[in-house]
Amino acid sequence: VKYQAANQDTYENVKVNVEGKLRKKLFSGEAKFNGKIIVDGITLDYSNYPLTFTKKGSGVLDFIKDGSFNTYGSIIISNSFDNMTIMIDKNGEWSSEDGWLISAPCSNIKEAAAISNLLFKRSNPEINIK
């Protein structure tokens, strides 16, 4: 579900596919993902270089398009990568006031907000989606 943080009346269902492998470092808790994350038809390809996650499960979704470096947003994942929230950047920033999020897997706005809040407790405890 893609939704606006402060306006949960504005949301839509989107498709998210994750294809690849997540490798975790045993003692540090950091992880690296090689593969593709496909978000609503946009492919973020980490086949040739890994997407790195902190021990709290957060990472930056950088990608190269038309020869230039871009940022789609930030991502927070659960330990086993079975839940995720993406904070979509707008002009290089994200705000809990008007920012857009994608949470997966879920089928409605209530589930999406619950996933986001669960993952934010882990990496950004000051953010709470209502």
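Look up a bit, the structure's there.
Computed from a predicted structure; not experimentally measured. (Residues numbered from 1 in each chain as written. Predicted model: local features only at pLDDT ≥ 70, side-chain atom pairs only at ≥ 80, totals over all residues. Heavy atoms only, no water.)

## Observations regarding the pattern of salt bridges
Consideration 1: A full pass over the atoms with the stated rule returns one salt bridge.
Consideration 2: Of the charged contacts in the structure, one is a salt bridge between Lys25 and Glu30, with a shortest N-O distance of 3.9 Å.
Consideration 3: Owing to a relative accessible area of 34%, Glu30 belongs among the partly exposed residues under this scheme. (Salt bridge = Lys/Arg side-chain N within 4 Å of Asp/Glu carboxyl O. Buried < 20%, exposed > 50% of the residue type's maximum accessible area, 1.4 Å probe, protein only.)

## Considering the sheet that holds strand β9 (residues 84-88)
Consideration 1: The six strands are arranged β2-β1-β10-β9-β8-β7 in an open sheet whose pairing can be described as antiparallel. Bordering the open sheet on either side are β2 (7-12) and β7 (58-65), each of which pairs with just one other strand. In this sheet, neighbouring strand axes are inclined to one another by 30° on average, regardless of whether the strands run parallel or antiparallel.
Consideration 2: Bridging between strand β1 (residues 2-4) and strand β10 (residues 100-104) involves three bridges; their strand directions are antiparallel. Among the inter-strand pairings, Lys2 is bridged to a residue of β10, identified as Ile102. (Pairing = 2+ DSSP bridges. Helix = DSSP H or I, 4+ residues; strand = E, 2+ residues; numbered from the N terminus. Axes fitted to C-alpha atoms, helices over the stretch in contact; angles between N-to-C directions.)

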